[in-house]
Amino acid sequence: MDRDAACKMLFWCGVINYGVLLLWFLVFLFAHNWIYLLHSRWFHFSVEQFDMLHYAGMSIFKLGILLLNVAPYFALHITRTV
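Because the structure is predicted, anything quoted here is derived from the model rather than measured.

### Observations regarding helix α2 (residues 32-40)
- Along α2, the positions that sit buried rather than exposed are H32, I35 and Y36. In a view along the axis of α2, the buried residues occupy a sector of 100°, so they form one face of it. Opposite the buried face of α2, at more than 90 degrees from it, the exposed residues are N33, W34 and L37.

### Concerning the packing of aromatic side chains
- Evaluation of the coordinates by the stated rule reveals nine aromatic pairs.
- Ring centres of F28 and F50 lie 6.0 Å apart, and the angle between their planes is 40°; on these two criteria the pair is classed as tilted. Of this pair, F28 sits in helix α1 (residues 3-30) while F50 sits in helix α3 (residues 47-81), and the two are 22 residues apart along the sequence.
- We classify F28 as buried; its relative accessible area is 14%.
- The interplanar angle of 70° and the centroid separation of 5.3 Å between the aromatic rings of Y36 and F50 together place this pair among those described as edge-to-face. Linking Y36 in helix α2 with F50 in helix α3, this pair joins segments that are 14 residues apart in sequence. Like F50, Y36 is buried.
- Three or more aromatic residues joined by ring pairs make a cluster, and in this case those are F28, Y36, F43, F45 and F50.

### Section: a nonpolar patch on the surface
- Taken together, the side chains of F11, W12, V15, I16 and V20 present a nonpolar region at the surface, about 480 Å² in accessible area.
- Take I16: its relative accessible area is 54%, and that puts it in the exposed class.

### Focus on α1
- The end-to-end C-alpha separation of α1 is 40 Å, in line with the 40 Å expected for 28 residues at 1.5 Å each.
- Within α1, burial applies to A6, C7, L10, G14, L21 and F28.

### What to know about the environment of A6
- Within the secondary structure, A6 sits in helix α1.
- For the pair A6 and Y73, spaced 67 residues apart in the sequence, the C-alpha separation amounts to 8.1 Å.
- Setting aside residues no more than four positions away along its own chain, A6 makes contact with M1 and L76.

### Looking at the nonpolar core
- Formed by L21, F28, I35, Y36, F45, F50, M58 and I65, the largest nonpolar core amounts to eight residues.
- Secondary structure elements with two or more residues in this core: α1, α2 and α3.
- No other element matches the three residues that α3 contributes to this core.
- Those residues within four positions of I35 in sequence are excluded, and the remaining contacts are V27, F28, F50 and H54.

Criteria and thresholds
- Residues numbered from 1 in each chain as written.
- Predicted model: local features only at pLDDT ≥ 70, side-chain atom pairs only at ≥ 80, totals over all residues.
- Heavy atoms only, no water.
- Buried < 20%, exposed > 50% of the residue type's maximum accessible area, 1.4 Å probe, protein only.
- Helix = DSSP H or I, 4+ residues; strand = E, 2+ residues; numbered from the N terminus.
- Arc of directions from axis to C-beta.
- Phe/Tyr/Trp six-rings, centres within 6.5 Å; stacked < 30°, edge-to-face > 60°.
- Patch = residues over 30% accessible without salt bridge, like charges linked within 9 Å, V, L, I, M, F, W, Y side chains within 5 Å.
- Areas by Shrake-Rupley, 256 points an atom, 1.4 Å probe, with all protein chains shown as cover.
- Salt bridge = Lys/Arg side-chain N within 4 Å of Asp/Glu carboxyl O.
- Expected span 1.5 Å × (residues − 1).
- Contact = heavy atoms within 4.5 Å.
- Core = buried A, V, L, I, M, F, W, Y, C linked by side-chain atoms within 4.5 Å.

That is the geometry; function is a separate question.
Below is the structure:
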């Protein structure tokens, strides 16, 4: 795979991953009670614990996107123009 193809792949991976993160956030924001009721059937935790788990999960996912998609994309993009 050449640099241009890798750069395009990382760009689209980042776009798709940020789309998943945005969808997760929107569903969590607008369907919070429904998701909590669904998950509280399987796991016993408070609303505060539920919110903390989702916030931590979104933070870890965002960090993964930045480290595994965005940073390599910019590194390849910078070295491609040199």
